[in-house]
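# Residue-level structure breakdown
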Amino acid sequence: MTASPVASHDGSASAIAQEVRSGRISATALARTTLDRIRAADAVLNAFTAITEARALAAASAVDAALARGADPGPLAGVPFAVKDLFDVRGLPTLAGSAINRDRPAANRDAAAVVRMQAAGAVLVGTTNMDEYAYGFSTENSHYGATRNPHDTERVAGGSSGGSAAAVAAGLVPITLGTDTNGSIRVPASFCGIWGLKPTYGRLSRSGAFPFVASLDHIGPFARNVTDLALAYDALQGPDTADPACSDRAPEPALAQLDRGIEGLRIARAVGYFENKAEAAVVEQVRRAALALGAERTIEVPHAEQGRAAAFVITAAEGGQLHLPNLRERAADFEPLIVDRLTAGALLPAAWYLQAQRVRRWYYRKLMALFADVDVILAPATPRPAQRIGEEMFSVRGVPMLARPNAGLLTQPISCIGLPVVAAPVGTVEGMPVGMQIIAAPWREELCLRAARALERAGYGPFARDAA
Amino acid sequence: MQVAFDEDYVRSAAAALDLALSPERVRAVAENLQRMAVIAGPLLEVVLEPEDESALVWRP
């Protein structure tokens, strides 16, 4: 069979892998097409910080060679992917959105997540832009430029994994990886109108990912459909002793469970904090999506404000302490938007930090009681759609607030206690996409993904400008 | 546990950590701390029992 470079697939990871495995397209031809597409689009979007052309072509060639000798390259055979520029990629400095990290030596090995994606047959094509040291929700980076939202290039893509979200939303690659400490997968997924998964804290190895807040950091994938999200998630699972937070649980593959449906699942929509801190139009989109899942019930998530506050203080204190040596020696080299925030975090009283860690466990217990009565909780992912690049302030329910730190108002109470969440595209507000969080109890990612699949079957999917 | 995050606080805390800050940065850091204090407010109001352990529990 002749391998044609002409696309006969829909651009999804699952379709690409099927075409590559069947020999209908070659991974090498696909990699070349993808690299050309990225180079053309990224002049506008600025989603990528590096394009790993030689590596991509070598990896794609290895996939084609494996197929030629009858070997199975894996479920992501030939699928191009990119990673946030805080995952180690052998031979590249791990920038983490900073100028300071340019002076670090190049990584001498790949991050665990990169190794696992590649072991599943995926082909790394580049690294993506982010807020400096992941401390932000907008990917307005003065060292590497702002990443632009593919649906309106005057607006932010969200952050801190903004480059990863923009690359998927623009159709440059079907899958990217990001990290989420306070919402850095869910906020850009919402702003860019795509799917994102933040698994349970400790589910996926962070080994080789530059840290931000060790007690809150997660990794996870972005995709344009739920199957691809599950494919990537399954490829990434498994214990790793190199990450002290990584659970020793055996992989619990989600792909095979996607189509089990949601019959019998108790699904409720969060009100109270999660309604009051989002624009009415966003709440309305979430309410409609909830109804599409048959969820008429509402639920109050207790003490969400305290959960958010705990996450905020833990982030400031741990982030500030992590960067203290460079705050002493190289303050002028930091991103102006965060250097004073990091410094302030380093100066927080220890009593506040310890209160935050104790409240975190207290809040966790309160929330676990909810899951005796409900399986899935739905809530807005962001208070409003993406703001314009450079916009300092936005308002929520008429209350003006700083835009950059407050885009995570609704995500922080959830990641504070490490719950698994899928961010789902659920419609538009002001002509821009907004997302919904599909939240479950710890280690129940499959429930989030089953509900996401049901939503997808009900017609929800990635935002498309032409269809808006 | 409320703290007055004024410029004196910033200067003394920064000195204790060997952080040299210009007067402009002292002011900016103080403003950041004051904003953090507003968000931290609900956290500091939680009354915990001695048995309420930290989420940071070391497992050897």
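Preceding this section is the structure that the text describes.
Attention here is on the structure that accompanies the text. (Residues numbered from 1 in each chain as written. Chains lettered and ligands numbered in written order. Predicted model: local features only at pLDDT ≥ 70, side-chain atom pairs only at ≥ 80, totals over all residues. Heavy atoms only, no water.)

## Topic: empty space enclosed by the protein
Residue and element names in this part refer to chain A. Evaluated as defined, the whole model comprises 3 cavities of 30 Å³ or more. Taken as a whole, the largest cavity holds about 130 Å³ of empty space. For the lining of the largest cavity, the elements supplying multiple residues, two or more each, are helix H10 (304-322) and helix H14 (403-406). When its residues are assigned to classes, the lining of the largest cavity shows 6 nonpolar, 6 polar and 2 charged. What the second largest cavity holds in volume is close to 60 Å³. If you trace the second largest cavity, you find it lined by Asp131, Glu132, Tyr135, Gly136, Ser138, Glu140, Glu335, Leu337, Ile338, Arg341 and Arg404. Among the elements that line the lining of the second largest cavity, the one with the most residues is helix H12 (residues 336-346), at 3 residues. Grouping the amino acids of the lining of the second largest cavity by side-chain chemistry returns 3 nonpolar, 2 polar and 6 charged. (1 Å grid on protein atoms, 1.4 Å probe; cavity = no way out; pocket = protein on both sides within 12 Å on 5 of 7 lines; lining within 4 Å. Points joined across faces, edges and corners; volume = space filled by probe spheres on them. Helix = DSSP H or I, 4+ residues; strand = E, 2+ residues; numbered from the N terminus. Nonpolar A, V, L, I, M, F, W, Y, C, P; charged D, E, K, R; others polar.)

## Topic: the packing of helix H13 (residues 350-370) of chain A against helix H2 (residues 23-44) of chain B
Taken N-terminus to C-terminus, the directions of H13(A) and H2(B) make an angle of 55°; their axes are 10 Å apart at the nearest point. One finds that H13(A) runs oblique with respect to H2(B). Regarding H13(A) and H2(B), the two cross each other, and that crossing is left-handed. Residue-level contacts link A:Trp352, A:Gln355, A:Ala356 and A:Val359 of H13(A) to B:Ala37, B:Ala40, B:Leu43 and B:Leu44 of H2(B). For the contact of H13(A) with H2(B), a count of residues per class yields 7 nonpolar, 1 polar and no charged. (Axes fitted to C-alpha atoms, helices over the stretch in contact; angles between N-to-C directions. Parallel < 35°, antiparallel > 145°, perpendicular 65-115°, else oblique. Left-handed = near helix turned anticlockwise from the far one by under 90°. Contact = heavy atoms within 4.5 Å.)

## A look at the interface of chain B and chain A
Contacts between chain B and chain A engage 34 residues on the former and 37 residues on the latter. Roughly 3,200 Å² is buried in total at the junction of chain B and chain A, and carbon and sulfur atoms are behind 71% of that figure. On the chain B side of the contact with chain A, B:Met36, B:Ile39 and B:Leu43 bury the most area, a combined 21% of that side's loss. Taken together, the connections running from chain B to chain A amount to 2 salt bridges. For A:Arg365, the salt bridge goes to B:Asp52, with nearest N and O atoms at 3.9 Å. On inspection of chain B and its partner chain A, the count reaches 10 residue pairs in polar contact (both at pLDDT 80 or more). Listed by contribution, the elements that provide at least two residues to the side of chain B that touches chain A are helix H1 (7-16) and H2 of chain B. Ranked by residues supplied to the side of chain B that touches chain A, first place goes to H2(B) with 13 residues. Residues of the side of chain B that touches chain A, tallied by class, amount to 26 nonpolar, 2 polar and 6 charged. (Buried area = accessible area lost by both parts, 1.4 Å probe. Salt bridge = Lys/Arg side-chain N within 4 Å of Asp/Glu carboxyl O. Polar contact = N/O pair within 3.5 Å; in protein donor to acceptor, adjacent residues only side chain to side chain.)

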